[in-house]
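Residues per chain are reported as follows:
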Amino acid sequence: MEIIIKKGSIKKLKSIVDELSPYKTAVITNTTLEKLWLDKILDQINAVPIVIPDGEEFKSLETAQQIWKKLIEISFTRRSLIIGLGGGVMTDLAAFAASTFMRGTYLGLIPTTLLAQVDAAIGGKTGVNFEGKNIIGTFYLPNFVLIDPETLKTLPEVEIVNGFGEVVKYGILDSRVYKKLKSFRKIDEELIRECVNVKLRIVEEDLRESGKRRILNLGHTAGHAVEKASNYRVKHGFAVAIGLMASALIAEKVNGFDSGKVEELLDKFSLPKRHSFEPKELLEAMKIDKKAWYGRLVFILPEEIGKVTIREVEEKIVLAVLEAMKN
Ligand code: NAD
Ligand code: MG
């Protein structure tokens, strides 16, 4: 797997595709990216665009079926290439289609949101929503991931802030990212690369999430609860930010971690630290989370920047923190 992180690299796609020399190429993207970035690709390579409406609700089995049908129509084979162009919705969907069609085609990802560049397109998880989020999916590594920070120029500000929810998470997991964030002025190749490296290091040790990969769920215990309680109106990165604050405050009580370090980063990137839900409701949501441990409250807690531990936390500590964070 090749990961290219470079300004302007989208214009170099042809040489990467030529190297794979696929029988055919299809680009899976949505109506938003179609207008903004698809031409940059079609100018360079011969590919069939498959354009899907914009929205998380289209990350579905129905859409996957439409894609499979289209691939058959154009005589796609296993030696053909699917390119996913867009945010995490497109990269998850394209990767799912690639991993399932004829037991797996070539796959290239061109993530165009900050969240997809540092997270969704990295690590080999694919999926669609079915009954719940990401219930149906596979593990499948792409042949290449091409990350061009230039594509972020067209991304709405709220999506940038959303991506920083996960970037701040990496900053707590890794002291190099933390230092970059402390002196942050603008998104550059190096910041993206540092984040990608944190995720890659962890995923390489544990692709299928039996152990170490779980630390990537820092901030997600309370974060998922906030997303659920809001009926997914609170965006993932914002929910993770609230979850990071919760983890930091719980850690402060449990091991003396300085939660001010997390608070400072959340402020710097205009991320939320408080919520407006019933603490009891959040607690119940945490207990039934698919990643929770059979109703036990397990948190990933920072001990210091760059070091976390996974541990069960008493319900009354969690409740007290959620109360203190309530608007
Ligand atoms: P998204 O894909 O919905 O993109 C957000 C919005 O930005 C969309 O409207 C999109 O069309 C638009 N957009 C994308 N790139 C743009 C650009 N360059 N310019 C202008 N507009 C642009 O959302 P997301 O936050 O990127 O991804 C969320 C999805 O990622 C969820 O489905 C989540 O489950 C998935 N995800 C997967 C993993 C994984 O490991 N596979 C990890 C994290 C998230
Ligand atoms: Mg996440």
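For the structure given in this document, a descriptive report is provided here. (Residues numbered from 1 in each chain as written. Chains lettered and ligands numbered in written order. Predicted model: local features only at pLDDT ≥ 70, side-chain atom pairs only at ≥ 80, totals over all residues. Heavy atoms only, no water.)

Considerations on the coordination of the magnesium ion (ligand 2)
Note the threshold: The rule for donors is simple: N, O or S, within 2.8 Å of the metal, or within 3.2 Å if the metal is Na, K or Ca. Water isn't counted, so a site may look like it is missing partners. Under the scheme used here, helices are H or I runs from DSSP no shorter than 4 residues and strands are E runs no shorter than 2 residues, and both carry numbers assigned from the N terminus.
Only E166 (OE), H220 (NE2) and H236 (NE2) from the protein coordinate the magnesium ion (ligand 2), and they sit 2.0 to 2.2 Å from it. Between consecutive donor residues of the magnesium ion (ligand 2), the sequence gaps follow E-x53-H-x15-H. Taken as a pair, E166 in helix α7 (residues 157–173) and H236 in helix α11 (residues 236–255) lie far apart in primary sequence, 70 residues in all.

Looking at a positive patch on the surface
As a reminder, the rule being used: Patches were defined on residues exceeding 30% relative accessible area and lacking a salt bridge, with like-charge contacts within 9 Å and nonpolar side-chain contacts (Val, Leu, Ile, Met, Phe, Trp, Tyr) within 5 Å. Each accessible area is a Shrake-Rupley estimate made with a 1.4 Å probe; only the visible protein chains count as cover when residues are assessed. Any carboxyl oxygen of Asp or Glu within 4 Å of a side-chain nitrogen of Lys or Arg constitutes a salt bridge here. When charges are counted, neither His nor the chain ends are considered; positive counts come from Lys and Arg and negative counts from Asp and Glu. Think of each charge as sitting on NZ of Lys, CZ of Arg, CG of Asp or CD of Glu. Partly exposed describes any residue whose relative accessible area lies between the buried limit of under 20% and the exposed limit of over 50%, with all areas from a 1.4 Å probe on protein chains only and scaled to the type maximum.
The grouping of K6, K11, K12, K40 and R193 at the surface amounts to a positive patch. As for its position among the elements, R193 is in helix α9 (residues 189–205). Classification of R193 as partly exposed rests on a relative accessible area of 34%.

As for the sheet that holds strand β3 (residues 48–52)
Where we set the bar: Following DSSP output, two strands are said to pair if at least two bridges run between them. To define axes, lines are fitted to C-alpha atoms, for helices over the stretch in contact only, and angles between the resulting N-to-C directions are given on a 0 to 180 degree scale. In what follows, residue pairs with any heavy atoms lying within 4.5 Å of each other are defined as contacts.
As summarised here, the arrangement of the six strands in space is β1-β8-β5-β4-β2-β3, forming an open sheet in which the pairing is parallel. Of all strands in the sheet, those with a lone pairing partner are β1 (2–5) and β3, marking the two edges. Across the sheet, the axes of successive neighbouring strands diverge by a mean angle of 15 degrees, strand direction being ignored. Of the strand pairs in this sheet, strand β5 (residues 106–111) and strand β8 (residues 144–147) are connected by two bridges, and their pairing is parallel. Counterpart to L109 in the pairing with β8 is V145. Against the sheet, helix α5 (residues 88–100) touches β2 (25–30), β3, β4 (81–86) and β5, its axis set at about 165 degrees to β4. Sitting on the sheet, α9 touches β1 and β8, and the angle it makes with β1 is about 155 degrees.

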